[in-house]
Protein chains: 2
Amino acid sequence: MSHEQSRQVLLARRPEGWPEHDDFEPVTRDLPELGEGEVRVANEFVSVDPYMRGKMDDRESYTPPYALGEPLTGAAVGRVVASRHPELSEGTLVLHQQGWRDAAQGRGEEFRAVPEVPDVPTSAYLGVLGGTGLTAYVGLLDIARMQPGETVFVSAAAGAVGSVVGQIARVKGAGRVVGSAGSPEKVRTLTERYGFDAGFDHHDGPAADRLAEVAPDGVDVYFDNVGGEQLEAAIGALNRYGRVACCGAISAYNATEPPLGPRNLGRVVTHSLTLRGFIVSDHLDRQPDFLEEMGPWLREGRVRAEETVVDGVEHLVDAFLVLLRGANTGKMVVRVG
Amino acid sequence: MSHEQSRQVLLARRPEGWPEHDDFEPVTRDLPELGEGEVRVANEFVSVDPYMRGKMDDRESYTPPYALGEPLTGAAVGRVVASRHPELSEGTLVLHQQGWRDAAQGRGEEFRAVPEVPDVPTSAYLGVLGGTGLTAYVGLLDIARMQPGETVFVSAAAGAVGSVVGQIARVKGAGRVVGSAGSPEKVRTLTERYGFDAGFDHHDGPAADRLAEVAPDGVDVYFDNVGGEQLEAAIGALNRYGRVACCGAISAYNATEPPLGPRNLGRVVTHSLTLRGFIVSDHLDRQPDFLEEMGPWLREGRVRAEETVVDGVEHLVDAFLVLLRGANTGKMVVRVG
């Protein structure tokens, strides 16, 4: 039987502020004999995501924290290489949560068989066809209830979720789509690759001023991936009845002091604004609609999904640190197969 | 023809921070001859409300600011004393927006005839049967979507809106209803008069600590009348899927510096919270449902509406200043008839 060992990453200690290599410990573990009802999976791609930083702290959140000294987990896609489960034969492509490793093993119920899509790499299940794409879809259409003709602002717009938000907004008839990103190169990709009308680099002075330049008639929908200064700028720019889909606050994830809140929250009252947080796992009922729409959009090139692929299970921690610094474009995955 | 003069209050200058008497100018004006289609109304009661402070600043809000040197306006209830309008005969009880004065005159379309309710003073149309009651009803049931069994927290809970919110929550089956107020006497009225389970004085140390004592299992719905520290405390106490109806931010109305925002807004994401602002004038379609429910609640004593009545048109400014300092209990009205 192949893949008798699994190269994994343990959480060695809880990061203070920005994580460092010493917070992690790579280990190689022998996999136990396959039990009845279990499968063994050779991972092809594993995901690194900003939310994982939150799980490294020992505090309540929407999912429990990672345990110290235990292997990290997260989304992964791979193929069954050994099976004692009746419905998962060898060679089946599966999506599961035993990421941060090159080989996984567990009860068949933990692994979900997914169809192969021609001309689409299996890593898409970690991104545009997976939770990332569904997050963009649900956040924009269900949480923020974007209507045709509206102006949409997306932060971290060159990122995995943000780039898909902007493209769905375009396909669904937004009047104007603008985004922010963390470098001139990323800002260029917004307009040149993803069809945004305009973008700005959030390092270029006050976000409120930059946003006013690219959205002079205000904003109707803000898809918030970052919190902090850009959330305040967006609240200040929102038109009456504006909506914010609160998806993340990456600007605060590594802060050791509590961040300052937006000083203009009074506009929520004066302008009848709505701020609504969500997590995608509460909206899995939308997956069929989502896949039915996203499949054609991808095939027709109306949505382009960018990936940054880091090669090698030994670079998992590097990939995660790069992600937190924002040096990737599009969904960040690690090829471990 | 009676009421040939109108005693009114002009905005003499825009207040800086807390308003003072010198910001206002009482005047007596002759009313012009009644034009075709016009009515003249002897006001019985006029309303003073916190939102009026916002209109005294020269800045964009949900309604235009008051003009300098012009009479202030607001809700008022009175009787037609002269009419050249076919549908509004003398003696008709009407609700309208020419408050801050003892006599009003204008086109009949500005005045809405309302039925007399036995045993209920006409001032109720400025409070529990008017915008105040509808604000409580819409905010709690439509904006925050309170469900039976949930824990509801109301700030400024002894006030006009807050006291009705708490009582509607009770009638609609809330599991626990708690509120904050600005004095020990007001806190006592919450439990003794309005049926709250518990309350606290927001001067008694950190709001987060006090709230944790009265709502140890967290809060599902927060009806926010004050913003600031109590909003932050509520966000920190909200259970997953918690909702905030953002109705006002009286704590900031007289601030000359922008207030600090809540430092825990990240919980909007981690706990799938919703903050939603609203103004009652967008929800007038709910008025029939509201009146149909509120009428019986009032008659059965299930909802008690308190008023602070100040007597005399010459005390309008005093009443408004008292309101801003929070020294009233329940709806603040001025008897001008």
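Residues numbered from 1 in each chain as written. Chains lettered and ligands numbered in written order. Predicted model: local features only at pLDDT ≥ 70, side-chain atom pairs only at ≥ 80, totals over all residues. Heavy atoms only, no water.

Novice: Could you clarify how one ought to interpret the packing of aromatic side chains in this entry?
Specialist: How two aromatic rings sit relative to each other is given by the distance of their centres and the angle of their planes. For the structure on display, the rule yields 16 aromatic pairs over all chains. Among the aromatic residues, those joined into a cluster by ring pairs are Phe24, Trp100 and Phe320 of chain A. Sitting over the face of the ring of Trp18 of chain B, Arg325 of chain B holds its NZ or CZ atom 3.8 Å from the ring centroid. (Phe/Tyr/Trp six-rings, centres within 6.5 Å; stacked < 30°, edge-to-face > 60°. Lys NZ or Arg CZ within 6 Å of the ring centre and 35° of its normal.)

Novice: I keep staring at the relation of the copies chain B and chain A and nothing clicks. Help me out?
Specialist: When chain B is fitted to chain A, the best match, at an RMSD of 0.0 Å, comes from turning it 180° and sliding it 0.0 Å along the axis. On this basis, the relationship between the two copies can be described by a two-fold rotation axis. No C-alpha of chain B approaches the rotation axis more nearly than that of Gly261 of chain B, which lies at 1.9 Å. Looking at the interface residues of chain B, 100% of them are also at the interface in chain A, so both copies use one shared face. (Least-squares fit on C-alpha atoms with pLDDT ≥ 70 in both. Contact = heavy atoms within 4.5 Å.)

Novice: Just checking my understanding: could you explain empty space enclosed by the protein for this structure?
Specialist: To locate leftover empty space, one rolls a probe as large as a water molecule over the atoms. Residue and element names in this part refer to chain A. Scanning the entire structure with this criterion turns up one cavity of 30 Å³ or more. The computed volume of the largest cavity comes to approximately 40 Å³. The wall of the largest cavity is formed by Leu93, Pro115, Glu116, Val117, Val120, Pro121, Thr122, Ala124, Tyr125 and Leu129. Class assignment of the residues belonging to the lining of the largest cavity gives a composition of eight nonpolar, one polar and one charged. (1 Å grid on protein atoms, 1.4 Å probe; cavity = no way out; pocket = protein on both sides within 12 Å on 5 of 7 lines; lining within 4 Å. Points joined across faces, edges and corners; volume = space filled by probe spheres on them. Nonpolar A, V, L, I, M, F, W, Y, C, P; charged D, E, K, R; others polar.)

Novice: What's the story with the pattern of salt bridges in this structure? I'm lost.
Specialist: Where charged atoms from two side chains of opposite charge approach closely, those side chains can pair. Residues and elements named next belong to chain A. Overall, the coordinates contain 42 salt bridges over all chains when judged by the stated rule. Between Glu150 and Arg243 there is a salt bridge, with the nearest N and O atoms lying 2.6 Å from each other. You can see Glu150 sitting in the loop between helix 2 (131-143) and strand 8 (151-154) and its partner Arg243 sitting in strand 12 (residues 238-246), a full 93 residues away along the chain. Taking the shortest distance from any N to any O, the salt bridge between Arg286 and Asp289 comes out at 2.8 Å. Salt bridges here are not isolated pairs; linked through shared partners, they connect Arg13, Glu20 and Asp23. (Salt bridge = Lys/Arg side-chain N within 4 Å of Asp/Glu carboxyl O. Helix = DSSP H or I, 4+ residues; strand = E, 2+ residues; numbered from the N terminus.)

Novice: Which parts of the structure should I look at to understand the interface of chain B and chain A?
Specialist: By a widely used convention, the size of an interface equals the accessible area lost when the partners come together. Taken residue by residue, the interface counts 30 residues in chain B and 30 residues in chain A. A buried area of about 2400 Å², summed over both sides, lies between chain B and chain A, and 59% of it is on carbon and sulfur atoms. Where chain B meets chain A, there are two salt bridges. Linking Arg240 of chain B and Asp282 of chain A is a salt bridge whose minimum nitrogen-to-oxygen distance equals 3.6 Å. Our count for the chain B to chain A interface comes out at five residue pairs in polar contact (both at pLDDT 80 or more). Looking at chain direction, strand 13 (residues 274-277) of chain A and strand 13 (residues 274-277) of chain B are connected through three bridges and run antiparallel. Across the sheet, the residue bridging to Thr274 of chain A is Arg276 of chain B, located in strand 13 of chain B. (Buried area = accessible area lost by both parts, 1.4 Å probe. Polar contact = N/O pair within 3.5 Å; in protein donor to acceptor, adjacent residues only side chain to side chain. Pairing = 2+ DSSP bridges.)

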